[in-house]
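Observations on the three-dimensional arrangement
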Amino acid sequence: MFIISSKNVLLDAQKRNYAVPAFNIHNLETTQVVVETANEMKSPVILAATPGTIKFAGEKYLINIMKVAAEIAEVPIIFHLDHHEDVEAIKSAILLGAKSVMIDASALPYEENIKKVKEVVKFAKRYDVSVEAELGKLVGQEDDIVVGEKDSQMTDPNLANDFVKRTGIDSLAVAIGTAHGLYKSEPKIDYDRLEKIKEKVDVPLVLHGASGVPDEIVRRTIELGICKVNVATELKIAFSEGVKNHFKNNPEANDPRKYLTPGKEKMKEVVRDKILLCNSNDKA
Ligand SMILES: [Zn+2]
């Protein structure tokens, strides 16, 4: 297998009413967990990296890890640039082999958002790369992007249709009440808004900030048209818990091969649960 774009995988999810989970990875170990689990469960998966992750792991290291993952895996591997704001960084990653990108210009005024997204779409199409963009703004923090309560904004269904048509994007990230990071109380999802967006927009819809959202809520959003569910925070928590537990029981531990393994095991449980939640198992 090789690295593919997310376009056809998300269209299949839309047609068969499941969602493809997008897992934020940071290094070799976290990538291995996602790929291994996806293989076992025959699930299509998206491996997502924010600009912070690319800076941390190194663009070339990361893309080559993905190439090897795709070579080994029996399921399609999608490497996705999550929440990228820098057009030049996107172009650079595409030239190295990335096939799926999110251009996040949601902080800009509407017309400027469209202009920036169109620029990325134009470049991406030349390389058969799929593009996700966001309309509306999720509250919380993702990487270096921080959105306060008063600056957050739900997606306007009428604008969503105009936005998709004019930009030519392949999938749309919607703001319907989820948040990046952890929730202080149960999120209130605007299902009516999601239904209206779904009526007006024909490209697959993406749910960001799904960490910590109760399963029944995520399931309902998938029924209503969400085709990609992003999970980041919950994976980090699980991985760290595994490592922390190991040090608690073995304060003298110093071998990364020993203390990273329980982190991977804990993270794997979350990946498995999310694949089942998205109902993407046996779809690859
Ligand atoms: Zn996000």
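A brief look at the structure comes next. (Residues numbered from 1 in each chain as written. Predicted model: local features only at pLDDT ≥ 70, side-chain atom pairs only at ≥ 80, totals over all residues. Heavy atoms only, no water.)

1. Here's the deal with the pattern of salt bridges
Between side chains of opposite charge, a pair can form as their charged atoms come close. Enumeration according to the criterion identifies 14 salt bridges in this entry. Residue Glu40 pairs with Lys268 through a salt bridge whose shortest N-O separation is 3.0 Å. Placement of Glu40 in helix H2 (residues 28-41) and of Lys268 in helix H11 (residues 256-278) is noted, with a sequence separation of 228 residues between them. Residue classification places Lys268 among the buried residues on the basis of a relative accessible area of 13%. Measuring nitrogen to oxygen at the nearest pair gives 3.8 Å for the salt bridge that ties Lys91 to Glu88. Residue Lys91 and its partner Glu88 are both found in helix H5 (residues 87-96); the two are separated by three residues, about one turn of the helix. (Salt bridge = Lys/Arg side-chain N within 4 Å of Asp/Glu carboxyl O. Helix = DSSP H or I, 4+ residues; strand = E, 2+ residues; numbered from the N terminus. Buried < 20%, exposed > 50% of the residue type's maximum accessible area, 1.4 Å probe, protein only.)

2. Focus: the coordination of the zinc ion
Tetrahedral coordination by four donors places them ideally at 109.5 degrees to one another around the metal; octahedral coordination by six donors ideally gives 90 or 180 degrees. Surrounding the zinc ion are the protein donor atoms His83 (NE2), His180 (NE2) and His208 (ND1), which sit 2.0 to 2.1 Å from the metal. Donor residues binding the zinc ion come from one chain and are separated in sequence as H-x96-H-x27-H. Linking His83 in strand E3 (residues 77-84) with His180 in strand E9 (residues 179-180), this pair joins segments that are 97 residues apart in sequence. (Donors = N, O, S within 2.8 Å, 3.2 Å for Na, K, Ca; no water.)

3. Here's the deal with the packing of aromatic side chains
With the rule as written, the count across this model stands at three aromatic pairs. An angle of 40° between the planes, with centres 5.1 Å apart, marks the rings of Phe123 and Tyr127 as tilted. Take Tyr127: its relative accessible area is 31%, and that puts it in the partly exposed class. For the ring pair Phe247 and Tyr259, a centre distance of 4.9 Å and an interplane angle of 40° mean the geometry is tilted. With Phe247 in helix H10 (residues 233-249) and Tyr259 in helix H11, this pair connects stretches of sequence that are 12 residues apart. According to the relative accessible area criterion, Phe247 is partly exposed, its value standing at 31%. Lying across the ring of Tyr191, Arg220 places its NZ or CZ 5.8 Å from the centre. Just above the ring of Tyr18 sits the side chain of Lys283; from NZ or CZ to the centre is 5.2 Å. (Phe/Tyr/Trp six-rings, centres within 6.5 Å; stacked < 30°, edge-to-face > 60°. Lys NZ or Arg CZ within 6 Å of the ring centre and 35° of its normal.)

4. Details of the nonpolar core
Within soluble globular proteins, side chains that are nonpolar generally end up buried alongside one another. Formed by 74 residues in total, the largest nonpolar core has its most connected members in Phe79, Ile169, Leu172 and Val229. Among residues more than four places away in sequence, those in contact with Phe79 are Ile3, Leu47, Ala49, Leu62, Ile63, Met66, Ala98, Lys99 and Ser100. Counting nine residues, the second-largest nonpolar core is a separate cluster that includes Val9, Ala22, Ile46 and Ile78. (Core = buried A, V, L, I, M, F, W, Y, C linked by side-chain atoms within 4.5 Å. Contact = heavy atoms within 4.5 Å.)

5. Thoughts on the sheet that holds strand E6 (residues 139-142)
Across the sheet, three strands lie side by side as E7-E6-E9; this open sheet has mixed pairing. The sheet is open, and its two borders are formed by strand E7 (145-147) and E9, each paired with just one other strand. For E6 and E9, the ladder comprises two bridges, and the chain directions are parallel. Paired with Gly140 across the two strands is His180, which belongs to E9. (Pairing = 2+ DSSP bridges.)

Keep in mind these values describe shape, not function.
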